[in-house]
Amino acid sequence: MKVLLINGSANVRGCTYTALAQIEQTLNLEGVETEIISLGNKPIRDCMGCQTCRKNGGKCIFEDDIINEVVEKAKTADGFVFGSPVYYAHPSGRLLSAMDRMFYSGGSAFKFKPATAIVSARRAGTTASIDAISKHFTINCMPIVSSNYWNMVHGNTPEEVLQDKEGLQIMRILGKNMAW
C-alpha cells in the first residue's frame, strides 16, 4: 500500500509539512509506503476548463508545473493526504488550483481511493479549509478518512506546531486510520 501526502504550502518544510511528517511517520510504522510531494513555491495555474486533457488521455495541457507528475503517481497510489496552510480562512490557492487540475484531468487516478485533508493555522479558518479541500473527495467518490477530532494543527512556526500535542496526536490517529 502507498499513500501520497501532498503539501500545498509554498514553505516546503513549514507547519503543514510538520503535520504531514507526523502522519507519514505513523503510516511507515504501520508498514505503509509513503511519499510527501511538495507543490513548491513556483506558480501553479488554475484549470481553464479547456478540456484538452479529455482529448489527450487525461494529461493537462500545461506542462510547466508538477500537476501531470502528481497525477501519474496517483495512478499507483492507494490513498491520499492533502495538506494546506490556512490563508485568510481558506486553503492555499496553490493547493486548490492544483487539486482542480489534478481532479479534472486525472480524476480516475483518485476515484474510489481513500483521502483526507489536513490544515495548519495560527488560529482560525481551519474547518472551512478542510471543507473546501474535502469537496474534491466527495465529488470524486472518494471515502474520507477521519481522526478523532478535526484534522488540524496550530502554530505559526514548525516549532510551535510541535508544541501542539493534541494536534500531533490527531495526526497520528489519522495515520493509523488511513493505514487501516
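Going by the structure above, here's the rest.
Residues numbered from 1 in each chain as written. Predicted model: local features only at pLDDT ≥ 70, side-chain atom pairs only at ≥ 80, totals over all residues. Heavy atoms only, no water.

1. A few points about the overall build of the protein
Right, on to step 1. Counting its regular elements, the protein contains seven helices and six strands.
Right, on to step 2. For 180 residues, the compact-globule estimate of 2.2 N^0.38 gives 16 Å, and the C-alpha radius of gyration of the protein, at 15 Å, lies within 12% of that figure.
Right, on to step 3. The C-alpha extent of the protein, read off along each of the three principal axes, is 50 × 35 × 25 Å.
Right, on to step 4. A total of 180 residues make up the protein; the buried ones form 53% of that total.
Right, on to step 5. Relative to all contacts within the protein whose residues are 6 or more apart in sequence, the contacts with residues 24 or more apart total 75%.
Right, on to step 6. Put simply, the protein has 19 plus and 17 minus side-chain charges, and the middle of one group is 3 Å from the middle of the other. (Helix = DSSP H or I, 4+ residues; strand = E, 2+ residues; numbered from the N terminus. Rg over C-alpha atoms; globule rule 2.2 N^0.38 Å. Buried < 20%, exposed > 50% of the residue type's maximum accessible area, 1.4 Å probe, protein only. Contact = heavy atoms within 4.5 Å. Lys, Arg positive; Asp, Glu negative; His and termini not counted. Charge placed at Lys NZ, Arg CZ, Asp CG, Glu CD.)

2. Describing the environment of tryptophan 150
Right, on to step 1. Inspection of the secondary structure assignment puts tryptophan 150 in the loop between helix H5 (126-139) and strand S6 (152-154).
Right, on to step 2. Given the relative accessible area of 47%, tryptophan 150 is considered partly exposed.
Right, on to step 3. A C-alpha to C-alpha distance of 9.3 Å links tryptophan 150 and valine 119, two positions 31 residues apart in sequence.
Right, on to step 4. For tryptophan 150, the contacting residues outside a window of four places in its chain are Thr127 and Ile170.

3. Quick word on the environment of isoleucine 130
Right, on to step 1. On the secondary structure map, isoleucine 130 appears in helix H5.
Right, on to step 2. With near-sequence residues (within four places) excluded, isoleucine 130 lies in contact with Ala117, Val119, Asn151 and Met152.

4. Comments concerning helix H4 (residues 93-106)
Right, on to step 1. If you check H4, its first and last C-alpha atoms are 19 Å apart, about what 14 residues at 1.5 Å a residue would give, namely 20 Å.
Right, on to step 2. Within H4, 10 of the 14 residues are buried, which leaves the element mostly enclosed by the surrounding structure.
Right, on to step 3. Taken residue by residue, H4 has Arg94, Leu95, Ser97, Ala98, Met99, Arg101, Met102, Phe103, Ser105 and Gly106 as its buried positions. (Expected span 1.5 Å × (residues − 1).)

5. Some thoughts on the side chain of asparagine 151
Right, on to step 1. If you trace the backbone, asparagine 151 turns up in the loop between H5 and S6.
Right, on to step 2. Residue classification places asparagine 151 among the buried residues on the basis of a relative accessible area of 8%.
Right, on to step 3. Reaching out from asparagine 151, the side chain makes a polar contact with the backbone oxygen of alanine 117 at a distance of 3.2 Å.
Right, on to step 4. Residues contacting asparagine 151, with those up to four places away along its chain left out, are Thr116, Ala117, Ile118, Val119, Ile130, Val145, Ile170, Met171 and Leu174. (Polar contact = N/O pair within 3.5 Å; in protein donor to acceptor, adjacent residues only side chain to side chain.)

6. Considering the pattern of salt bridges
Right, on to step 1. Evaluation of the coordinates by the stated rule reveals 10 salt bridges.
Right, on to step 2. Note that aspartate 64 is salt-bridged to arginine 45, the shortest N-O span being 2.8 Å. Of this pair, aspartate 64 sits in the loop between helix H2 (52-55) and helix H3 (67-74) while arginine 45 sits in the loop between strand S2 (33-38) and H2; the two residues are 19 residues apart in sequence, bridging distant segments of the chain.
Right, on to step 3. Residue arginine 45 is classed as partly exposed on the basis of its relative accessible area of 40%.
Right, on to step 4. Taking the shortest distance from any N to any O, the salt bridge between glutamate 72 and lysine 75 comes out at 2.7 Å.
Right, on to step 5. Of the residues examined, lysine 75 reaches a relative accessible area of 46% and is grouped as partly exposed.
Right, on to step 6. A single salt-bridge network, built from bridges that share partners, covers Lys2, Glu33, Glu35, Glu69 and Lys73. (Salt bridge = Lys/Arg side-chain N within 4 Å of Asp/Glu carboxyl O.)

7. Here's the deal with the nonpolar core
Right, on to step 1. With 30 residues, the main nonpolar core has Phe80, Phe82, Met102, Phe110 and Phe137 as its most contacted residues.
Right, on to step 2. Of all elements in the fold, only strand S1 (2-7), H3, strand S3 (79-87), H4, strand S5 (115-121) and H5 reach the threshold of two or more residues within this core.
Right, on to step 3. No other element matches the five residues that H4 contributes to this core.
Right, on to step 4. Ala19, Val32, Ile118 and Ile170 belong to the second largest nonpolar core, which has 19 residues in total. (Core = buried A, V, L, I, M, F, W, Y, C linked by side-chain atoms within 4.5 Å.)

8. A closer look at the side chain of threonine 116
Right, on to step 1. With respect to the helices and strands, threonine 116 occurs in strand S5.
Right, on to step 2. Taking the relative accessible area as the measure of exposure, threonine 116 reaches 1% and is therefore buried.
Right, on to step 3. With sequence-adjacent residues up to four places away left out, threonine 116 is seen in contact with Phe80, Val81, Phe82, Phe137, Val145, Asn151, Leu174 and Met178.

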